[in-house]
Amino acid sequence: MGSVKRFVATISCMTLSLLACGEGGESDSDTAMADSAGQLAQAPLIDSASVTIREAFALSAAATDQAGLRQPRDLAIDGEGTIYVLDFEAPEHQQIVAFDSAGAFAYRFGERDARADRVGPSDQLAVTPWKYVMFVDKRDNALTSFLTIGTYVSTAGLNGAGMSVLPIPEYGHYYLKKWDPVRRRAYVVHMKLPTDSVSTVYEVRMQPSQSVRKDARDVSFLTASDGAGRLYVAFADVYQVRVLDRTGATVRVVRSSRTAMPKSPREMEAERQRIRARLEAQVEDVPDSLLQDAVQPDSLHPLVEELAVDPAGRLWVRTHRPERTSGTVYDVFNEQGQLISWVAVPAAVRKTAFSPSGRLYVIDERDPSRPGIVAYDVTFGAAVPAADGG
């Protein structure tokens, strides 16, 4: 990659992790602002007071130390309940670690060394129903695959900049999110092994005159997939989740009228300094004009931080609630797009995954110097009685 291309890719990855929000090109975020105008807040089907949340699992300090976990970036769980954690700390520490369903360290693979079968810099992994562990190596711009037992399968170079990979149930099929800086578009492609394109499912085209920072915002839309192979797409700045089938047809749109809250001047300055420090550490030889544009934070807090779908087909939208001083809140929707309820967990969540039984697993960053893996059993109570219209 050239320096500017690397720069935009770095900004995009940072936007995903910092969840900056703001203007973009012609995308769902623009459409959603018009669509949501005047929309009433959705009442939940179940009162949040009737939702029971119980901590059911916490990875022990002994297992964490045995695995050598430093900075867990993502996690996924296979059909047998094995937990896979992508662990990456710049510049040289990188591995995938497997734990059994009880939390005992099982094995590691993909450690950094001179071999090809290593884990490159990445912040996302996918575990497929057909027993592959896949991720995009952002250093080599390649799709790397292992078997879930840790055996290396392949590394395939990508055209354009690979961003993330999502599982599809059928053997050898997956979604690949990419960014094409020449054609100025970010898109999700339905793929077959090794890297054969089937069809483009979703696309965002960027305006030719917009800034590098706005390009990065458009590139960094959020994605998830479910057990039926549907694709979920959302932007951080507007509460709208689009659900698509593999042909790119929209199945439904999930919306909320909740609006973003402004950041304080102190928050703006602190974020500006964090962005500058990370950019200067990760990218060299960047023109000062690009750097000045990129370090300008957005004035509003994001609305949506992550999308996840549980085995029952419920959409969990991890939200940003700046009014809360601790914990994390999910909005949970059924397959019809109705708000079931709100689920508030004590953890400061970085990433979300579900076990085959529907247990909620998270990377918990309450202690940023030592992130943990925690799981919760969530039980939804009785539905709120419908109002008597008579």
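What counts, and where the lines are drawn
Residues numbered from 1 in each chain as written. Predicted model: local features only at pLDDT ≥ 70, side-chain atom pairs only at ≥ 80, totals over all residues. Heavy atoms only, no water. Helix = DSSP H or I, 4+ residues; strand = E, 2+ residues; numbered from the N terminus. Buried < 20%, exposed > 50% of the residue type's maximum accessible area, 1.4 Å probe, protein only. Contact = heavy atoms within 4.5 Å. Areas by Shrake-Rupley, 256 points an atom, 1.4 Å probe, with all protein chains shown as cover. Phe/Tyr/Trp six-rings, centres within 6.5 Å; stacked < 30°, edge-to-face > 60°. Pairing = 2+ DSSP bridges. Axes fitted to C-alpha atoms, helices over the stretch in contact; angles between N-to-C directions. Core = buried A, V, L, I, M, F, W, Y, C linked by side-chain atoms within 4.5 Å. pLDDT = per-residue confidence, 0-100. Polar contact = N/O pair within 3.5 Å; in protein donor to acceptor, adjacent residues only side chain to side chain.

Q: I keep staring at the overall build of the chain and nothing clicks. Help me out?
A: The helix and strand inventory of the chain stands at 6 helices and 24 strands. In the chain, which comprises 390 residues, the share counted as buried stands at 52%. Relative to all contacts within the chain whose residues are 6 or more apart in sequence, the contacts with residues 24 or more apart total 52%. As displayed, the chain has an accessible area near 16800 Å², and 50% of this comes from carbon and sulfur atoms.

Q: Is there a simple way to explain the packing of aromatic side chains in this structure?
A: Each aromatic ring pair is described using two quantities: the centre-to-centre distance and the angle formed by the ring planes. Under the definition given, this model contains 14 aromatic pairs. Between Trp 130 and Tyr 171, the aromatic rings sit 5.4 Å apart at their centres with planes inclined by 65 degrees, giving edge-to-face as the arrangement. Of this pair, Trp 130 sits in the loop between strand E6 (126-127) and strand E7 (132-137) while Tyr 171 sits in the loop between strand E10 (161-167) and strand E11 (173-180); the two residues are 41 residues apart in sequence, bridging distant segments of the chain. Residue classification places Trp 130 among the buried positions, given a relative accessible area of 10%. Considering the side-chain rings of Trp 316 and Phe 354, the 5.2 Å spacing of their centres and the 55 degrees angle between planes classify their relative orientation as tilted. Of the two residues, Trp 316 is situated in strand E19 (residues 315-319) and Phe 354 in strand E22 (residues 349-354); the sequence distance between them amounts to 38 residues.

Q: Any chance you could explain unusual backbone geometry here in plain terms?
A: Negative phi characterises most residues that are not glycine, and trans characterises most peptide bonds. Leu 193 connects to Pro 194 through a cis peptide bond whose omega is -5 degrees. Looking at where Pro 194 falls in the secondary structure, it is placed in the loop between strand E12 (185-192) and strand E13 (196-205). The backbone phi angle of Lys 131 is positive, close to 65 degrees, even though this residue is not glycine. Counting through the fold element by element, Lys 131 comes out in the loop between E6 and E7.

Q: Explain the sheet that holds E10 here, please?
A: Strand pairing in a sheet relies on backbone hydrogen bonds, with the paired strands running either antiparallel or parallel. The 4 strands lie next to each other as E10-E11-E12-E13, forming an open sheet whose pairing is antiparallel. Of all strands in the sheet, those bounded by a partner on one side alone are E10 and E13. This sheet shows a mean twist of 25 degrees between the axes of neighbouring strands, independent of strand direction. Two strands pair when backbone bridges link them, and E12 and E13 are joined in this way by 8 bridges, in the antiparallel orientation. The residue bridging Lys 192 from the neighbouring strand is Asp 196, located in E13.

Q: Whenever I open this one, the nonpolar core confuses me. Can you help?
A: Counting residues in hydrophobic clusters, the biggest one holds 18 residues, and the most contacted among them are Tyr 175, Trp 179, Tyr 202, Phe 221 and Leu 231. Elements that contribute at least two residues to this core include exactly E10, E11, E12, E13 and strand E15 (231-235). Excluding residues within four positions of it along the chain, Leu 231 makes contact with Leu 166, Tyr 175, Val 188, Val 201, Tyr 202, Thr 223, Ala 224, Arg 242, Val 243 and Leu 244.

Q: Please clarify how the sheet that holds E7 should be interpreted in this entry.
A: If you walk across this open sheet you meet the 4 strands as E6-E7-E8-E9, and the pairing is antiparallel. The strands lining the two open edges of the sheet, one partner per strand, are E6 and strand E9 (152-157). Here E7 runs beside strand E8 (residues 142-147); their pairing, made up of 6 bridges, is antiparallel. For Phe 135, the partnering residue across the bridge sits in E8 and is Thr 144.

Q: Could you clarify how one ought to interpret the side chain of Thr 223 in this entry?
A: Along the chain, Thr 223 falls in strand E14 (residues 222-225). What Thr 223 contacts, discounting residues up to four positions off in sequence, is Ser 164, Leu 166, Lys 177, Val 188, Leu 231, Tyr 232, Val 233 and Leu 307.

Q: For this particular structure, what's the right way to read the confidence of the model for the chain?
A: Caution applies to low-pLDDT regions: their predicted coordinates should not be interpreted in detail. Confidence in the prediction for the chain averages 84 pLDDT; 81% of positions are at 70 or higher. Under a pLDDT of 50 for its full length, residues 15-27 has, in the predicted model, 48 contacts with residues more than four places off or in other chains. Scored below 50 in pLDDT, residues 29-41 makes 14 contacts in the model with residues more than four places away or belonging to other chains.

Q: I tried to follow the side chain of Asp 331 on my own but got confused; where do I start?
A: Inspection of the secondary structure puts Asp 331 in strand E20 (residues 328-333). You can call Asp 331 buried: its relative accessible area is 3%. In terms of polar contacts, Asp 331 uses its side chain to reach the side chain of Trp 342, at 3.2 Å. Not counting chain neighbours up to four residues away, the residues in contact with Asp 331 comprise Tyr 239, Arg 258, Leu 315, Trp 316, Val 317, Thr 319, Arg 321, Leu 339, Ser 341 and Trp 342.

Q: Quick question: what am I supposed to make of the environment of Arg 366 here?
A: Its location among the elements puts Arg 366 in the loop between strand E23 (360-364) and strand E24 (372-379). A relative accessible area of 48% places Arg 366 in the partly exposed class. For the pair formed by Arg 366 and Gly 327, sequence separation is 39 residues and the distance between their alpha carbons is 8.5 Å. Look past the residues within four positions of Arg 366 in its chain and what remains in contact with it is Pro 346, Ala 347, Ala 348 and Tyr 376. Here the side chain of Arg 366 touches Asp 364 through a polar contact of 2.6 Å, side chain to side chain.

Q: Please explain the pairing of strand E5 (residues 105-109) as it appears in this structure.
A: It is a general feature of regular strands that their side chains alternate between the two faces of the sheet. Here 4 bridges tie strand E4 (residues 93-99) to E5, and the two strands are oriented antiparallel to one another. By the bridge assignment for E5, Phe 99 is matched with Phe 105.

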